[in-house]
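# Survey of secondary and tertiary structure
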Amino acid sequence: MKQTVEDELLSLLRCELCGQEVPSTSYTPEEFKVLIRMAREQAVSALVAACLMKHNVKVNDDGAMEIMAILVSHQRHAAQMDGHVATLATLLNTHHIPYAVFKGQVAARYYDRSYLRSTGDVDFYVPPVYYEQAKEVVGREMGVTIADDHLDKHCEFAFGGTRFEMHHRVETFGSARHQRRFDTLALGDVTVHRVTTQTIGGAQVAVFSPLVDILVIFKHLFNHLLVEGVGLRQVCDLMLMLRRYRGAYSVSELAAALHQIGYYKAFLAMGAFLVRHLGMAEADLPMAIPTKYHLWGDRIKDEILSGGNFGKYGRTYRHPGKLKSLETASMALRHCLWLMPLAPIDILCLIPKRIRISFSKYV
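Please read these numbers as outputs of a predicted model, since none were measured by experiment. (Residues numbered from 1 in each chain as written. Predicted model: local features only at pLDDT ≥ 70, side-chain atom pairs only at ≥ 80, totals over all residues. Heavy atoms only, no water.)

With that out of the way, let us pick up helix α1 (residues 5-18). With 14 residues, α1 extends 19 Å between its outermost C-alpha atoms, agreeing within 8% with the 20 Å of an ideal straight helix rising 1.5 Å per residue. For α1, the buried fraction is high: eleven of the 14 residues fall into the buried class. Every buried residue of α1 is listed here: Val5, Glu8, Leu9, Leu10, Ser11, Leu12, Leu13, Arg14, Cys15, Glu16 and Leu17. Buried residues along α1 sit in contact with α2 (29-41), α3 (45-54), α9 (232-244), α11 (264-277) and α12 (294-307). Once α1 ends, the next one or two residues include Gly19, with phi positive near 75°. (Helix = DSSP H or I, 4+ residues; strand = E, 2+ residues; numbered from the N terminus. Expected span 1.5 Å × (residues − 1). Buried < 20%, exposed > 50% of the residue type's maximum accessible area, 1.4 Å probe, protein only. Contact = heavy atoms within 4.5 Å.)

Here it is, written out as structure tokens:
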């Protein structure tokens, strides 16, 4: 291994996603073990495995078997998730309930092979006026028990081993004004402009339009960065989405929307990360990145690599409970204070809201 494991991982992702040169032609068993462990922590193990296989990078027999196991497991899980998304979409389509599936299996379609995107939950949005109807229909016809503590923006249920989150609000903002503007965009997308679909699992699945999809993916990953942390998986989603959607939306409308929700500077900082560390072509970004944002991109890279997916690997307490909530609140406060210059109004308003949500289950 020619460089640190963090830099090696980023190099492999640039190789797989942007066609850059493979960083190493072989790994010792110990190097491979460390590299794959970090790739798992960042939820990008299939991307790394695919890159190693494609370029015939030499590892020992155990490493070769692990590469195959990762790819086969991802294929199986992706097929299962696609089938469950199709079941949900068919049900909601049949009952004429407006909705949009987002993140997860939708984001997977931006990859050359969708199964290379590690699976997570299935998230879907239903407008508030249809929310209770959707809960009743899904609970009855999918035969699931829906858990809703009314403390946050969604309820949840499990179907065939897959966890679903049904949202009546896609993202949480600190500022009420920013929240209203974003909620209006999401609502209009699935009610007034409901024309965007993807084929997933053989079904026509309603999704957000390109512009709203970009806002959702970006705001979701930045919100995780603000609270507990975010992995490279979500950052790869944003990069591939911007590349896929190039020319499919109005850049001026995207810039206006980012200003309206208070996260224009934050978007520039994330763009700097994509260009400097993931190999994204500047031409694929919707707006130019001023030089001063490159330092933000570097700091965001360090934070992501140290904490891993959802910040799980930079924690002391990993089991649900008061101590984990205290730690989450402490992490969120630190991140919010650090990132506040990128979205000052919304982050300042978000701090008490996130602390309240973190403690609500235990107070």
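Among the structural elements, Ser45 can be located in helix α3. Leaving out residues up to four positions away in the same chain, Ser45 has contacts with Ala39, Arg40, Ile70, His74 and Ser118.

This paragraph deals with unusual backbone geometry. With phi around 60°, Ala43 is a residue other than glycine that occupies positive phi space. Mapped onto the secondary structure, Ala43 falls in the loop between α2 and α3. In this model, Lys103 sits at a positive phi of 60°, which is unusual for a non-glycine residue. As for its placement among the helices and strands, Lys103 is situated in the loop between β1 (100-102) and α5 (104-107).

Ranked by size, the top nonpolar core spans 127 residues in total, and within it Phe208, Phe222, Tyr263, Met270 and Leu274 carry the most contacts. Apart from residues lying up to four places away in sequence, Met270 is in contact with Phe218, Leu221, Phe222, Leu225, Val235, Leu238 and Ile300. (Core = buried A, V, L, I, M, F, W, Y, C linked by side-chain atoms within 4.5 Å.)

Below, the discussion takes up the packing of aromatic side chains. Between two aromatic rings, the relevant description is the distance of the centres plus the angle of the planes. In the structure shown here, the tally under the stated rule is eleven aromatic pairs. Ring geometry for Phe157 against Phe164: centres 4.9 Å apart, planes inclined by 5°, an arrangement best described as stacked. Neither residue differs from the other here; Phe157 and Phe164 are each classed as buried. Here the aromatic residues Phe173, Phe182, Phe218, Phe222, Tyr263 and Phe267 are joined through ring pairs into a cluster of three or more. (Phe/Tyr/Trp six-rings, centres within 6.5 Å; stacked < 30°, edge-to-face > 60°.)

Taken N-terminus to C-terminus, the directions of helix α8 (residues 210-227) and helix α10 (residues 251-260) make an angle of 40°; their axes are 10 Å apart at the nearest point. In terms of orientation, α8 lies oblique with respect to α10. Considering the relative orientation of α8 and α10, their crossing is right-handed. In this structure, α8 uses Leu211, Ile214, Leu215 and Phe218 to contact α10, whose residues at the interface are Glu253, Leu254, Ala257 and Leu258. (Axes fitted to C-alpha atoms, helices over the stretch in contact; angles between N-to-C directions. Parallel < 35°, antiparallel > 145°, perpendicular 65-115°, else oblique. Left-handed = near helix turned anticlockwise from the far one by under 90°.)

On to the pattern of salt bridges, then. Note on pairing: side chains with opposite charge can pair once their charged atoms come close. With the rule as written, the count across this model stands at 19 salt bridges. Across the pair Glu16 and Arg113 runs a salt bridge whose closest N-O atoms are separated by 3.8 Å. Within this pair, whereas Glu16 is found in helix α1, its partner Arg113 is found in the loop between α5 and β2 (122-125), the two being separated by 97 residues in sequence. Judged by its relative accessible area of 8%, Glu16 falls in the buried class. On the basis of relative accessibility, which here comes to 33%, the residue Arg113 falls in the partly exposed class. In this structure, Glu165 engages Arg163 in a salt bridge whose closest nitrogen and oxygen atoms are separated by 2.8 Å. Accessibility expressed as a relative area gives 10% for Glu165, which makes it buried. Each of Asp121, Glu156, Arg163 and Glu165 takes part in salt bridges that share partners, so that together they form one network. (Salt bridge = Lys/Arg side-chain N within 4 Å of Asp/Glu carboxyl O.)

Moving on: the confidence of the model for the protein chain. Looking at the protein chain, pLDDT values average 91 and 90% of them are 70 or higher. Averaged pLDDT values over the elements of the protein chain bottom out at 73 in helix α13 (residues 322-339) and peak at 98 in α3. (pLDDT = per-residue confidence, 0-100.)

Over its 34 residues, helix α4 (residues 61-94) extends 50 Å from the first C-alpha to the last, a length consistent with the 50 Å expected when each residue adds 1.5 Å. Just beyond α4, the residue with positive phi is His96, at close to 55°.

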